[in-house]
Amino acid sequence: MTGDRPVLMGLLLYLLVAAAPTLLFWLALRLLPAAVERIDDWWARRHAPPPPRLESAVANLRRLRREVRGGAAPTQVRRLALYSAYDATLIQVCGIVGVDAPLGSASESDRAFARLLTEAELEEAGIALDPPSGGTAAA
């Protein structure tokens, strides 16, 4: 055999050249999704809007509560949208205050009762849902 390399070295070089594309592709498939997810999480945290302040969330909750209590929703769709917005705002205020929200895990048939329990939890935490001054008092 003519050549300046031993046979074993040539075989190892051949295996390296043959296996390198497969190994690189496998590494890219394993590492690339994790890297993209990390970058995406970082981007989302960096560009996320600031969390709502307690005062604005409570003011929004009181406004929605007045609309729900008024019962002036002209259509079924409007009434369901109003209840949905009220429930979401209740859960949001519970999250800000750090109170357990039974409404978050309630089934559709238990939603009205869980709404009452959540309102009671917020009242116990010191959030006045029906302030005596007409809804303009701070929480």
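Rules and cut-offs
- Residues numbered from 1 in each chain as written.
- Predicted model: local features only at pLDDT ≥ 70, side-chain atom pairs only at ≥ 80, totals over all residues.
- Heavy atoms only, no water.
- Patch = residues over 30% accessible without salt bridge, like charges linked within 9 Å, V, L, I, M, F, W, Y side chains within 5 Å.
- Areas by Shrake-Rupley, 256 points an atom, 1.4 Å probe, with all protein chains shown as cover.
- Salt bridge = Lys/Arg side-chain N within 4 Å of Asp/Glu carboxyl O.
- Helix = DSSP H or I, 4+ residues; strand = E, 2+ residues; numbered from the N terminus.
- Axes fitted to C-alpha atoms, helices over the stretch in contact; angles between N-to-C directions.
- Parallel < 35°, antiparallel > 145°, perpendicular 65-115°, else oblique.
- Left-handed = near helix turned anticlockwise from the far one by under 90°.
- Contact = heavy atoms within 4.5 Å.
- Nonpolar A, V, L, I, M, F, W, Y, C, P; charged D, E, K, R; others polar.
- Core = buried A, V, L, I, M, F, W, Y, C linked by side-chain atoms within 4.5 Å.
- Buried < 20%, exposed > 50% of the residue type's maximum accessible area, 1.4 Å probe, protein only.
- Expected span 1.5 Å × (residues − 1).
- Arc of directions from axis to C-beta.

*Asks:* Can you help me understand a nonpolar patch on the surface in this one?
*Replies:* A cluster of nonpolar residues, Leu8, Leu11, Leu12, Tyr14 and Leu15, forms a patch on the protein surface that exposes about 550 Å² of accessible area. Within the element layout of this structure, Leu12 appears in helix 1 (residues 7-47).

*Asks:* Help me understand the environment of Tyr14, please; the structure alone is not making it clear to me.
*Replies:* Note that Tyr14 resides in helix 1. The sequence separation of Tyr14 and Arg65 amounts to 51 residues, and the corresponding C-alpha distance is 75 Å.

*Asks:* Even after reading the chapter, I still don't get the packing of helix 2 (residues 54-70) against helix 3 (residues 76-97), so can you show me in this structure?
*Replies:* The packing of two helices is summarised by the inter-axis angle and the distance between the axes. Contact pair helix 2 / helix 3: the axes reach a minimum separation of 9 Å and the direction vectors enclose 150°. Judged on the interaxial angle alone, helix 3 and helix 2 are roughly antiparallel. For the pair helix 2 and helix 3, the sense of crossing is left-handed. Touching Leu54, Ala57, Val58, Asn60, Leu61, Leu64, Arg65, Glu67 and Val68 of helix 2 are Arg78, Leu82, Tyr83, Ala85, Tyr86, Thr89, Leu90, Gln92, Val93, Ile96 and Val97, all from helix 3. A breakdown of the residues in the contact of helix 2 with helix 3 according to their chemical character gives 14 nonpolar, three polar and three charged.

*Asks:* Teacher, can you tell me more about the nonpolar core here?
*Replies:* Side chains of nonpolar character tend, in soluble globular proteins, to be buried together. In terms of nonpolar packing, the biggest core is built from 16 residues, with Leu61, Tyr86, Leu90, Val93, Leu122, Ile127 and Leu129 touching the most fellow members. Residue assignment for this core shows that the elements contributing at least two residues are helix 2, helix 3 and helix 4 (111-124). Among all residues touching Leu129, those that are not within four sequence positions of it are Leu61, Arg62, Arg65, Glu119, Leu122 and Glu123.

*Asks:* Explain helix 3 here, please?
*Replies:* In an α-helix, one turn spans 3.6 residues; hence positions three or four apart end up facing the same way. Helix length check: helix 3, at 22 residues, gives a terminal C-alpha distance of 32 Å against a target of 32 Å (1.5 Å per residue), a fit within 8%. Those residues of helix 3 that sit buried are Leu82, Tyr86, Asp87, Thr89, Leu90, Val93 and Cys94. Looking down the long axis of helix 3, one finds its buried residues gathered within 165° of arc, a one-sided arrangement. Across from the buried face of helix 3, at angles greater than 90 degrees, the exposed residues are Val77 and Gly95.

*Asks:* Help me understand helix 2, please; the structure alone is not making it clear to me.
*Replies:* With 17 residues, helix 2 extends 24 Å from end C-alpha to end C-alpha; this agrees with the ideal 24 Å at 1.5 Å per step. Burial in helix 2 covers these residues: Ala57, Val58, Leu61, Arg62, Leu64, Arg65 and Val68. One or two residues past the end of helix 2 sits Gly71, with phi positive at roughly 65°.

Fair warning: the whole summary comes from geometry, so function is off the table for now.
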